[in-house]
Every structure is written in C-alpha cells, then in structure tokens.
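Fold and geometry: a report
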Amino acid sequence: MFIRDSRTGFMKELASDELGRIPSAPARVLVADDDESDRLFTIWQLGDAWPIQGDMLVECAADGAEALEKMHGHRYALVVLDWNMPRQHGAEVLRAMRERDLCIPVVVVSDQRREDIASDLESMAAAYVNKDELDAHSFRNAIATSMQLQTGRGLAGSGPDMMQI
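Residues numbered from 1 in each chain as written. Predicted model: local features only at pLDDT ≥ 70, side-chain atom pairs only at ≥ 80, totals over all residues. Heavy atoms only, no water.

**Let's talk about the overall build of the protein chain**
Here is the rule: Secondary structure elements are taken from DSSP: a helix is a run of H or I of four residues or more, a strand is a run of E of two residues or more, and numbering for both begins at the N terminus. Remark: exposure states derive from per-residue accessible area (1.4 Å probe, protein chains only) relative to the maximum for the residue type, with buried under 20%, exposed over 50%, and partly exposed in between. The method behind every accessible area is Shrake-Rupley, applied with a 1.4 Å probe, and residues are considered shielded solely by the protein chains displayed.
Regarding its fold elements, the protein chain presents 5 helices and 7 strands. Along the chain direction, N to C, the helices and strands of the protein chain fall in the order β-β-β-α-β-α-β-α-β-α-β-α. The proportion of buried residues among the 165 residues of the protein chain is 49%. Accessible area of the protein chain: about 8,100 Å², with a carbon and sulfur share of 46%.

Right, here's the structure in full:
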C-alpha cells in the first residue's frame, strides 16, 4: 500500500506496522496492473495528478481477479486499470464492475491504442490514458473525465469517500 502526503503530493510506501497510523478516512484508490514497474510509475504519477485535497491510500492488484476480490472488501474512489492482464483482462474486470452496478470512476492506463478499445471504454463509462503519454496533466484530465462519466451512473453524492473536484 501507498499513501499520498497531502502537503507535498509525494507517494510513500507503507510498511505493515504503519497501517494502524493511516489518517482517518483517506480516499482509497485501486491500481491494477500486472507489470510492477508500470504499477509503480502509475502510482507516482497519481500522487501528482490527484485532483482533490486530502489523503489518498493506494492499494495494488497484480491481475484482474485480484482487483475484483479487493473491490468486494473495500469502497474505492477510483480504480486505475491496465487493459492487458492475466487471469482477468481489463475489459472483463470493467464489465464485472458495471454488471454489479459498481459506480466507481475508472481510468484505463494501457499501451493498447485507444481506437482498439474505444467501444468498450465508451459502453462501460471509463476514461483512457496511453501509458506512453502518462503524466500528471493527462492523468488528472482522465480522472476528471471518469468522474463525469460516473455522475450519470449514480456516483454524485454517494458518500464522503467519493472524490469531488
């Protein structure tokens, strides 16, 4: 797990003994990517791109099945999803989320071209950023887009752990 310092925007990995000292009610984000270096790069960029004040706790999943398991136990303000993962492909994860009426904003971060997955993204209300173009600005825009897409799906006013720009 990682936590964002709300003053500096820097991400810090939490040791297991630090879990009890997490600030109250941080926004939870799930980053699902099977490539560890891509996952870490995404987390660091997320620290700079986070559009709201306050703390953020980032949890990781190494594949789609693990991501869905984690969504059963926690509420997330945002899910960042790689498209090509083992066990369950990003499209399968996103489809399962939408079938369960999980109105969570989703940003797909993938090296696959947007044109190749555009119909899936649009039909399942997810934003997209190419991994080669991932920076704080593009990530922040994608987060805002994903939140707007979910507003019509019942996200607005869903509770204090949901993001508001």
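Next comes the rest of the description.
**Considerations on the packing of helix α2 (residues 64-73) against helix α3 (residues 90-99)**
The condition that has to hold: To define axes, lines are fitted to C-alpha atoms, for helices over the stretch in contact only, and angles between the resulting N-to-C directions are given on a 0 to 180 degree scale. Oblique is the label for any angle not covered by the other classes, which are roughly parallel (under 35 degrees), roughly antiparallel (over 145) and roughly perpendicular (65 to 115). Rotating anticlockwise by less than a right angle from the far helix to the near helix defines a left-handed crossing, while the corresponding clockwise rotation defines a right-handed one. Throughout, a contact is declared for two residues whenever any of their heavy atoms are within 4.5 Å. Gly falls in the polar group here, along with every residue not listed as nonpolar (Ala, Val, Leu, Ile, Met, Phe, Trp, Tyr, Cys, Pro) or charged (Asp, Glu, Lys, Arg).
Look at α2 against α3: their axes get within 9 Å of each other, and the N-to-C directions meet at 25°. Between α2 and α3, the angle falls in the class roughly parallel. The handedness of the crossing between α2 and α3 comes out as right-handed. Judged by residue contacts, Gly64, Leu68 and Met71 of α2 engage Val93, Ala96 and Met97 from α3. In terms of residue class, the contact of α2 with α3 is built from 5 nonpolar, 1 polar and no charged.

**Topic: helix α4 (residues 114-123)**
So the rule is basically this: Our arc is simply the arc of the directions from the helix axis toward the C-beta atoms.
Of all the positions in α4, only Ile117, Ala118 and Leu121 are classed as buried. All buried residues of α4 fall inside an arc of 150° around its axis, so they share one side. Facing away from the buried surface of α4 by more than 90 degrees, the exposed residues are Ser119 and Ser123. Buried residues in α4 make contact with β6 (106-110) and β7 (127-130). Remark: Ala125 follows α4 within two positions and exhibits a positive phi of approximately 50°.

**Digging into the nonpolar core**
Going by this rule: For our purposes a nonpolar core is just a set of buried Ala, Val, Leu, Ile, Met, Phe, Trp, Tyr and Cys residues, chained together by side-chain atoms within 4.5 Å.
Of all hydrophobic cores here, the largest spans 25 residues; its most connected members are Val29, Leu46, Val58, Val107 and Phe139. Among the elements that make up this core, the one with the highest residue count is helix α5 (residues 136-151) (4 residues). Core analysis: the next-biggest nonpolar cluster, separate from the first, contains 24 residues, Val79, Leu81, Met85 and Leu94 among them.

**Quick notes on the packing of helix α1 (residues 36-49) against α5**
Direction vectors running N to C along α1 and α5 enclose 75°, while the axes themselves pass 8 Å from each other. In terms of orientation, α1 lies roughly perpendicular with respect to α5. Mapping the contact onto sequence places Thr42, Gln45, Leu46, Asp48 and Ala49 in α1 and Ala136, Phe139, Arg140 and Ile143 in α5. Looking at the contact of α1 with α5 residue by residue, the classes come out as 5 nonpolar, 2 polar and 2 charged.

**Structural notes on the pairing of strand β5 (residues 78-81)**
Convention followed: Paired strands are those between which DSSP finds at least two bridges. Look down the strands so they point away from you; if the path from the first strand over the helix to the second goes clockwise, the crossover is right-handed.
On β5, burial covers both faces: Leu78 and Val80 on one face and Val79 and Leu81 on the other are all buried. Examined bridge by bridge, strand β3 (residues 27-32) and β5 share 4 bridges and lie parallel to one another. Within β5, the position partnered with Leu30 by the bridge is Val79. Summarising the sheet, β5 and β6 pair through 3 bridges and their orientation is parallel. Paired with Val80 across the strands is Val107, a residue of β6. For the segment spanning β5, α3 and β6, crossover handedness is right-handed.

**Details of the sheet that holds β3**
One open sheet accounts for 7 strands, arranged β2-β1-β4-β3-β5-β6-β7; its pairing is mixed. The sheet terminates laterally at β2 (11-13) and β7, the two strands that pair on one side only. For this sheet the average axis-to-axis angle between neighbouring strands, irrespective of direction, equals 25°. Across the face of the sheet, α2 comes into contact with β3, β4 (56-61) and β5 while running at roughly 135° to β4. In the packing of α4 onto the sheet, the strands contacted are β6 and β7, and the crossing angle to β7 comes to about 165°.

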